[in-house]
Each structure stands twice: as C-alpha cells, then as structure tokens.
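# Reading the structure
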Amino acid sequence: MANQIKTIGVLTSGGDAPGMNAAIRSVVRKALANGVSVKGIKKGYQGLLNEEIIDMDRHSVSDIIQRGGTILGTARCSEFRTEEGQAKGAEICRKHGIDGLVVIGGDGSYRGAQQIARHGINTVGLPGTIDLDIACTDYTIGFDTAVNTAMSAIDKVRDTSSSHERCSIIEVMGRNAGYIALWCGVANGAEDILLPEKYDYNEQSIINNIIANRKRGKTHHIIINAEGIGHSTSMARRIEAATGIETRATILGYMQRGGNPTCKDRFYASVMGAYAADILCQGKSNRVVGYKNGEFRDFDIEEALAMKKDISEYQYEVSRVLAQ
Ligand code: ADP
Ligand code: F6P
C-alpha cells in the first residue's frame, strides 16, 4: 500500500474493556501487512508522556485475542488534558518516529486524540468502552461481553433471591449511561429497571409494586439499577423497612469489565482494528471508527463528539411493559 506513514503507535485509554486485545492485535497485524511498523504505547496517555513505548511485531500480539483487559495497560491521565501535556505527547511521538496513532478508548480518549492531531500527529479512535455511550456507533468494544457477564451474574442472584423470597437490587456499570441496565433488565426479566437517562422512577411506586407482586405470589423481585442512579444499598434499606421483605443490594462492579471477550467483541474489535490501521496508512487523520446502521465506517472526531445518543424510546417502552 502506497503511503507516507512509516510507523503507527497504538494505545488503550480510559477503562479497560474486553476485546481491546483483539483490537490491538488487529491494528498490529494489519499495519504490518500494509508495510508499516508498529509501536505499542503502554498505560494510555500517561505511558506516552513517560515514553513507555515498545516495538511490536506479529508475535507480540500472539495468544491475546481471547484475553480480557489490555496487554498494553491503560490509565487516566490528567496531564494530557493540558496544552503542555498534549504538545509534549506529540513531540514524544515524533521523537519515536510515530506518525500515526490509534487510540482505543471512550469519548474522553477521543478528545485526547483530537488534541494530538491538532499537534500534527495523525490519529484514529476506536470505541473501547463497556458503556455503549459513544454516539456515532451502535457498537462499542466490550459492551457485548460486559452485558453477558452481568446477565449471567443476575441470573445467579435471581436463583438465591427466589429461594429466600427476597427482593434484590442489582447495580450494573455504565457511568451516566443506562445501556447495560436496559439490556440486562430486559434479558433478565427484571421487575424494575432504573435508568439515569429517564430518572423517572418513584420509590413509593416500586414499594407498592413489590407488595402487590408478593400478594400475587411472586417469590422474587429484581430491580436493575444503573450506576448513574446509584444509592443501591440505602435504597435496599428503605425498601426493606417499607415492605417488610428482606432486600439486598448487589453491586456487580469490575467483574463486568473483566473476562474473556465474547465472539462478537473479538470479531468486531478485529474488523475495527484493521479498519483503523488501513485508514491511518491511507493518510487519514482525526477520524473515529464506528459501526452504524449495519456497516463499519469512519467519522470526523469533532462530528462524532458532537453527536447525541439516547436510549430508544421504543426499547424503553418495551422494557416497561415486560417488567409489569
Ligand atoms: P474514556 O476514554 O473511557 O471516556 P476518560 O474520560 O477517563 O475515559 O478519558 C481517558 C483519558 O483521555 C483521560 O484520562 C485523559 O488523559 C484523556 N482526555 C479526556 N478528556 C480529554 C480532553 N478534553 N483533552 C485531552 N485529553 C483528554
Ligand atoms: O467507562 C467504563 C466504566 O467501567 C464505567 O462504567 C464506570 O463508571 C467507570 O468506568 C469506572 O471507572 P474506574 O476504572 O475509574 O473505576
């Protein structure tokens, strides 16, 4: 492939997500196939500023596609939010001969990529986050694994909840986004699903619902609570006091972020990684790769960051009807 790009760098940034390794592997192998060499940057933008940069070849990404986490490590880096940090990062890229950079992370990481592009380094972002909260794409690397992990865990909590005739509040991740909660709420047949995008729940009506369901003979009551709503433990205490039914809160936490990626996360991350390597090698910059309306495509970072995403009204309505 004819191009002026000689070396690309790859880093993972923000929260780790299952499938990031598949993306790294694909970036490395596709770039090498395009005749471009690859450097791995450890620990996100922090590692870039600390010059934690390694050469990567085909073998450095062997035996990783099935592993959760990220072999490069990840970090949050406040210094990179500053003009000095961004200029220093671009300078370090130039020093190491890196003329293109693949950034795998969420929209915060995209903002970093946008800044480093402004300082003359070609950048492409890949959507790596379990939260599914990136507007330009219907898919983010890690969501499928996280939501399946959460679903299995909730099935297990439901078994014990039914056996003891308890009420369970299960808090899932997602920062300010309710996608994991919505998907699990439907897939686990929850009685209540609380989403930060809606914030329309009323604790008294949940309590009335629990009492009515118990009278009808239901042995469990599962409430899926999104992280963006929070307060699961105090909510459990209040519900127990008001209903007289033992109520426990389970916060699933980081177990949702770890673990072997699903086939979907391995496949989509592989296609997206190759796509990112290809467009960088073609000389494109300031782009992000997404999966929208059934196809992989790329967007201008600024346009991507300006897009808005919200829970589908129809999906939300379905979740409410099925929960009754
Ligand atoms: P995510 O990428 O998952 O959204 P964060 O929002 O924590 O996670 O962002 C990851 C990192 O990206 C931050 O620690 C910081 O180094 C960098 N970053 C975030 N926002 C900006 C910004 N506005 N300008 C430059 N870098 C940023
Ligand atoms: O963005 C992924 C995510 O797991 C969110 O769901 C959560 O709010 C956040 O990261 C937690 O971040 P940290 O790694 O700083 O605990």
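Just above sits the structure.
Notes on the structure follow. Computed from a predicted structure; not experimentally measured. (Residues numbered from 1 in each chain as written. Chains lettered and ligands numbered in written order. Predicted model: local features only at pLDDT ≥ 70, side-chain atom pairs only at ≥ 80, totals over all residues. Heavy atoms only, no water.)

So, about the overall build of the chain. If you tally the helices and strands in the chain, you get 11 helices and 11 strands. The C-alpha radius of gyration computed for the chain amounts to 22 Å, which stays within 12% of the reference 20 Å derived for 324 residues, consistent with globular compactness. Its C-alpha atoms give the chain principal-axis dimensions of roughly 70 × 35 × 35 Å. Taking all 324 residues of the chain together, 54% fall into the buried category. Contacts in the chain between residues at least 24 apart in sequence constitute 74% of all its contacts with a sequence separation of at least 6. A total accessible area of about 13,800 Å² is found for the chain, and carbon and sulfur atoms account for 48% of it. Side-chain charges of the chain comprise 38 positive and 38 negative groups, with the mean position of each set lying 3 Å from the other. (Helix = DSSP H or I, 4+ residues; strand = E, 2+ residues; numbered from the N terminus. Rg over C-alpha atoms; globule rule 2.2 N^0.38 Å. Buried < 20%, exposed > 50% of the residue type's maximum accessible area, 1.4 Å probe, protein only. Contact = heavy atoms within 4.5 Å. Areas by Shrake-Rupley, 256 points an atom, 1.4 Å probe, with all protein chains shown as cover. Lys, Arg positive; Asp, Glu negative; His and termini not counted. Charge placed at Lys NZ, Arg CZ, Asp CG, Glu CD.)

A few words on the pairing of strand β6 (residues 167-172). Along β6, six of the six residues are buried, which leaves the element largely enclosed by surrounding structure. Side chains Cys167, Ile169 and Glu171 project from β6 onto one buried face, and the interleaved Ser168, Ile170 and Val172 project onto a second face that is buried too.

Turning our eyes to something else, we now look at empty space enclosed by the protein. By the definition in use, this model includes one cavity of 30 Å³ or more. There is about 40 Å³ of room inside the largest cavity. If you trace the largest cavity, you find it lined by Cys167, Ile210, Asn213, Arg214, Lys218, His220, His221 and Ile245. The leading source of residues in the lining of the largest cavity is helix α7 (residues 203-215), at three residues. Per-class residue counts for the lining of the largest cavity are three nonpolar, three polar and two charged. (1 Å grid on protein atoms, 1.4 Å probe; cavity = no way out; pocket = protein on both sides within 12 Å on 5 of 7 lines; lining within 4 Å. Points joined across faces, edges and corners; volume = space filled by probe spheres on them. Nonpolar A, V, L, I, M, F, W, Y, C, P; charged D, E, K, R; others polar.)

Inspection of the region around ligand 1 gives 14 residues, with Arg76, Cys77, Gly106, Gly108 and Ser109 positioned closest. Within the backbone of Cys77, one N or O atom sits 2.7 Å away from an oxygen atom of ligand 1. For ligand 1, the protein covers 87% of the area, taking 550 Å² as the surface of the free molecule. Here ligand 1 occupies the largest pocket. (Near = heavy atom within 4 Å. Polar contact = N/O pair within 3.5 Å; in protein donor to acceptor, adjacent residues only side chain to side chain. Sits in = over half its atoms within 2 Å of the grid points.)

This part is about the packing of α7 against helix α8 (residues 232-243). In the contact formed by α7 and α8, the axes pass within 10 Å of each other and the chain directions differ by 50°. Taken together, the axes of α7 and α8 lie oblique to each other. You can see that α7 and α8 cross each other, and the crossing is right-handed. Packed against α7, whose contacting residues are Glu203, Ile206, Ile207, Ile210 and Ile211, the element α8 presents Met235, Arg238, Ile239, Ala242 and Thr243 at the interface. For the contact of α7 with α8, the class distribution of residues is seven nonpolar, one polar and two charged. (Axes fitted to C-alpha atoms, helices over the stretch in contact; angles between N-to-C directions. Parallel < 35°, antiparallel > 145°, perpendicular 65-115°, else oblique. Left-handed = near helix turned anticlockwise from the far one by under 90°.)

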